[in-house]
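Remarks on the overall topology
Given next are the chains, with one letter for each unit.
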Amino acid sequence: MPLRLERLTLHEIQLPLREPFRISSGIQTTRRILLVELEEARGAVVWSECVASEQPNYSPETVDTAWLAIRDWVAPRVLGHTFEDPTQVFPTLERDFRGHLMAKAAVEMGMWALDAELRQVPLAHRLGGTRTCIEVGISLGIQSSPEALVERAGRAVLAGYRKIKLKIEPGADVTYLRAVRDALGPGAPLMADANNAYSLADTERLLELDELGLMMIEQPLAWDDLRCHAELQRQLRTPLCLDESITSLDRAKDMVALGSGRIINIKPGRVGGFGPSLAIHDFCARSGIPVWCGGMLESGVGRGYNVALASLSNFVKPGDISPSSRYWLEDVVTPEWTMSEDGLMAVPLSQPGIGVTVNRKRIADLTVRKELLVRSR
Ligand code: OSB
Ligand code: MG
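Residues numbered from 1 in each chain as written. Chains lettered and ligands numbered in written order. Predicted model: local features only at pLDDT ≥ 70, side-chain atom pairs only at ≥ 80, totals over all residues. Heavy atoms only, no water.

1. Section: the overall build of the protein
To keep it simple, the criterion reads: Put simply, DSSP H or I for four residues or longer makes a helix, DSSP E for two residues or longer makes a strand, and each gets a number counted from the N terminus. Radius of gyration: over C-alpha atoms. The globule rule applied is 2.2 Å multiplied by the number of residues raised to the 0.38 power. When accessible area is computed with a 1.4 Å probe and restricted to protein chains, residues below 20% of their type maximum are described as buried, those above 50% as exposed, and intermediate ones as partly exposed. Every residue pair with non-hydrogen atoms within 4.5 Å of one another is taken to be in contact. Per-residue accessibility takes into account occlusion by the displayed protein chains alone, with areas from the Shrake-Rupley method and a 1.4 Å probe.
When helices and strands are tallied, the protein shows 14 helices and 16 strands. In terms of overall size, the protein behaves like a compact globule, its C-alpha atoms giving a radius of gyration of 20 Å where 377 residues would be expected to give roughly 21 Å. Dimensions of the protein along its principal axes, counting C-alpha atoms only, are 60 × 40 × 35 Å. Burial statistics for the protein: of 377 residues in total, 58% are counted as buried. Sequence separation of at least 24 residues holds for 73% of the intrachain contacts in the protein that already meet a minimum separation of 6. When the accessible area of the protein is evaluated, it comes to approximately 14600 Å², of which 51% is carbon and sulfur surface.

2. Describing the site of ligand 1
Heads up, the rule is: Consider each residue's heavy atoms; a residue with any of them within 4 Å of a molecule or strand counts as near. The term polar contact refers here to a pair of N or O atoms within 3.5 Å; inside protein, the definition further demands a hydrogen-donor-capable atom paired with an acceptor-capable atom, and it admits residues adjacent in sequence only when both atoms are side-chain atoms. Side-chain classes are defined by residue name, with Ala, Val, Leu, Ile, Met, Phe, Trp, Tyr, Cys and Pro counting as nonpolar, Asp, Glu, Lys and Arg as charged, and the others, Gly among them, as polar.
Among the 15 residues in the neighbourhood of ligand 1, the closest are listed as Ser139, Asn195, Lys267, Leu297 and Tyr327. Take Lys165: an N or O atom from its side chain is 3.0 Å from an oxygen atom of ligand 1. Contact distances for ligand 1 include 2.9 Å between an oxygen atom and a side-chain N or O atom of Lys267. Partitioning the shell around ligand 1 into residue classes produces five nonpolar, three polar and seven charged.

3. Describing the packing of aromatic side chains
We apply this condition: Side-chain rings of Phe, Tyr and Trp (the six-membered ring for Trp) are treated as a pair once their centres are within 6.5 Å; stacked means planes under 30 degrees apart, edge-to-face means over 60, and tilted covers the remaining angles. Think of it as a cone above the ring: NZ of Lys or CZ of Arg counts as a charge over the ring if it is within 6 Å of the ring centre and within 35 degrees of the ring normal.
A complete count under the given rule lists four aromatic pairs for this structure. Look at Trp73 and Phe97: their rings are 6.1 Å apart centre to centre, the planes differ by 70 degrees, and that puts the pair in the edge-to-face class. In this pair, Trp73 sits in helix 1 (residues 63-78) while Phe97 sits in the loop between helix 2 (89-94) and helix 3 (101-119), placing the two residues 24 residues apart along the sequence. Judged by centre distance (5.9 Å) and plane angle (35 degrees), the rings of Tyr327 and Trp328 are tilted. On the accessibility criterion, Tyr327 (6% relative accessible area) is buried. With a relative accessible area of 0%, Trp328 lands in the buried category. Every member of this aromatic cluster is reached through a ring pair, and the members are Trp112, Phe274 and Tyr305. Lying across the ring of Phe97, Lys104 places its NZ or CZ 4.2 Å from the centre. Positioned over the ring face of Trp292 is Lys163, at 3.2 Å from the centre of the ring.

4. So, the coordination of the magnesium ion (ligand 2)
Defined as follows: Distances decide who is a donor: an N, O or S atom must be within 2.8 Å of the metal, or within 3.2 Å for Na, K and Ca. Water is not included, so sites may look incomplete.
Protein-derived ligands of the magnesium ion (ligand 2) are Asp193 (OD), Glu218 (OE) and Asp243 (OD), with the metal-ligand distances lying across 2.1 to 2.3 Å. Motif for the magnesium ion (ligand 2), donor spacing along one chain: D-x24-E-x24-D. Taken together, the residues span a long stretch of sequence, with Glu218 in strand 9 (residues 217-218) and Asp243 in the loop between strand 10 (240-242) and helix 9 (249-258) at a distance of 25 residues. With a relative accessible area of 0%, Asp243 lands in the buried category.

5. A word on the pairing of strand 2 (residues 26-40)
Where we set the bar: Paired strands, in this sense, are two strands between which DSSP finds at least two bridges.
Where strand 1 (residues 3-23) lies against strand 2, 14 bridges are found, and the strand directions are antiparallel. The residue bridging Phe21 from the neighbouring strand is Gln28, located in strand 2. Taken together, strand 1 and the strand that follows it, strand 2, pair antiparallel across an intervening segment of two residues. Relative to strand 3 (residues 45-50), strand 2 runs antiparallel, the two being bridged by six bridges. Bridging from a neighbouring strand, Leu35 pairs with Glu49 of strand 3.

6. Structural notes on the sheet that holds strand 10
To keep things clear, this is the line we draw: As a rule, the C-alpha atoms of each element are fitted with a line to give its axis, helices using only the stretch in contact, and angles between N-to-C directions run from 0 to 180 degrees.
Here we have seven strands laid out as an open sheet, ordered 6-7-8-9-10-11-12, and parallel in their pairing. In this open sheet, the two edge strands, each paired with only one partner strand, are strand 6 (137-140) and strand 12 (291-293). Most of the contacts of helix 6 (residues 174-184) go to strand 8 (residues 190-193), to which it runs at about 170 degrees, and overall it touches strand 7 (163-167) and strand 8.

7. Focus: unusual backbone geometry
The amide bond that connects Thr334 to the next residue, Pro335, takes the cis arrangement and shows omega of -10 degrees. Topologically, Pro335 is positioned in the loop between strand 13 (333-334) and strand 14 (344-346). For Asp96, which is not glycine, the phi torsion reads 50 degrees and is therefore positive. Inspection of the secondary structure puts Asp96 in the loop between helix 2 and helix 3. For Asp96, a relative accessible area of 66% gives the class exposed. Its identity is not glycine, yet Asn195 carries a phi of approximately 45 degrees, on the positive side. With respect to the secondary-structure elements, Asn195 resides in the loop between strand 8 and helix 7 (203-209).

These figures come from the coordinates and say nothing about function on their own.
As C-alpha cells, then:
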C-alpha cells in the first residue's frame with residue numbers, strides 16, 4: 001500500500017515527572033518531549049515521539065538537535081515522496097546521512113503507524129508481534145541511600161513488577177544492591193544499569209556485583225565500547241546487557257562476534273526505528289540472544305510504539321515499559337497505559353494503530369513550541 005506523507009508537525013511539550021529520575025550520567029525532573037504529528041495524503045493522522053533527552057548524556061542527540069535534523073534533513077527526504085512500504089523509509093534516511101538516529105526513528109516509526117492505520121490493523125500485528133500482553137519491568141533511578149532504594153524496590157515487587165532495574169554508579173552500587181538483595185530475597189528479579197559509569201579499572205567492584213544473582217548488568221562501560229565489555233564479560237558469570245553501544249544491526253553482530261554481552265536492550269529510537277529494530281530482533285533470535293524493550297521515559301505516545309515492538313516473540317524478558325502512572329500525574333493519551341496486579345500490560349489489539357488516542361487538548365496545553373513542515377517546492 002503506497003504511503004505519502006503530506007504534512008509533518010513538530011510539537012515540543014514539557015511534562016513533569018512524578019519524581020526526579022537520576023542515572024549515573026544525569027538527572028531529569030521535567031521531560032522535554034518532541035512529538036511528531038504525521039498526516040498522510042489520504043488524510044490519516046498519527047502521532048509519534050522522538051526519544052531524545054534535553055541533554056546529550058545518553059547519546060549525542062538532544063531534543064534540539066533532533067528538531068533541527070527532522071526539519072532540515074529528515075522531512076525533506078520523506079514529505080511528498082511515495083513509499084511502497086515502511087521498510088523503505090530507513091534506507092532512504094540512511095543514504096549519505098550519518099547519525100541522528102532518534103530523529104530518523106521518530107519519523108520512520110510514524111510511517112509504520114500510518115501504514116497500520118491505512119490497513120486498519122494494530123501496529124503490533126503490522127510489526128509481526130504475537131503476544132497479547134507483555135511483561136512489565138521498572139527502572140529505578142539512583143536513590144539517596146540504600147534504605148531509600150530498598151523501600152522503592154520493595155514497593156515495586158509488591159506492585160507486581162517482573163523486573164526491577166536499579167541504576168548504579170560508583171559509590172551507589174554494591175552496598176545499595178546488597179541491601180536490596182538481602183531485603184527482598186534471592187528470588188527477586190533484580191538487575192543493574194550503570195549507564196557507562198565504570199571502566200575496566202573497576203573490575204574488582206564489578207566482580208562484587210557478580211555475587212548478587214542479578215539477571216544482568218546493563219552497559220557498565222563506555223557508551224560506544226564493545227572491546228572492553230568483551231574483556232569484562234569473560235570475567236563475569238552475570239550476563240552483560242548492552243544498551244548505548246548497540247546503535248545498529250552491525251553493532252549487534254559485533255557484540256556477538258566479540259562476546260561483549262549476552263542480552264540486548266532494544267530501544268527503537270536508539271537504532272533508527274522499527275526497520276533496524278526488527279532486523280536486530282531477528283538476528284538475535286537466530287543467534288540465541290534474548291532481547292527486551294528499553295525505555296526513555298516516553299509519554300503515552302512513544303510507549304505505544306514500544307508496546308507494539310515488545311509483542312514480538314524474541315522479546316523474552318520484561319521491558320522498561322511501565323504504566324503511565326509510574327511516570328506522570330496525567331499522561332497525554334487515552335486510555336492511559338496500565339499494569340495488572342501480576343505485572344502484565346495488555347497489547348492493544350482492538351483498534352488500528354498504536355491503540356491509544358492522543359489527547360490533543362492536553363498536548364496543546366503542554367506545548368511550548370510548534371512547527372509545521374510541508375514539502376518545499
Ligand atoms: O539507560 O535505560 C536507560 C532513561 C533515560 C535514559 C536511559 C535509560 C533510561 C531508563 C528509563 O532506564 C526506563 C523507562 O523508560 O522507564
Ligand atoms: Mg540503559
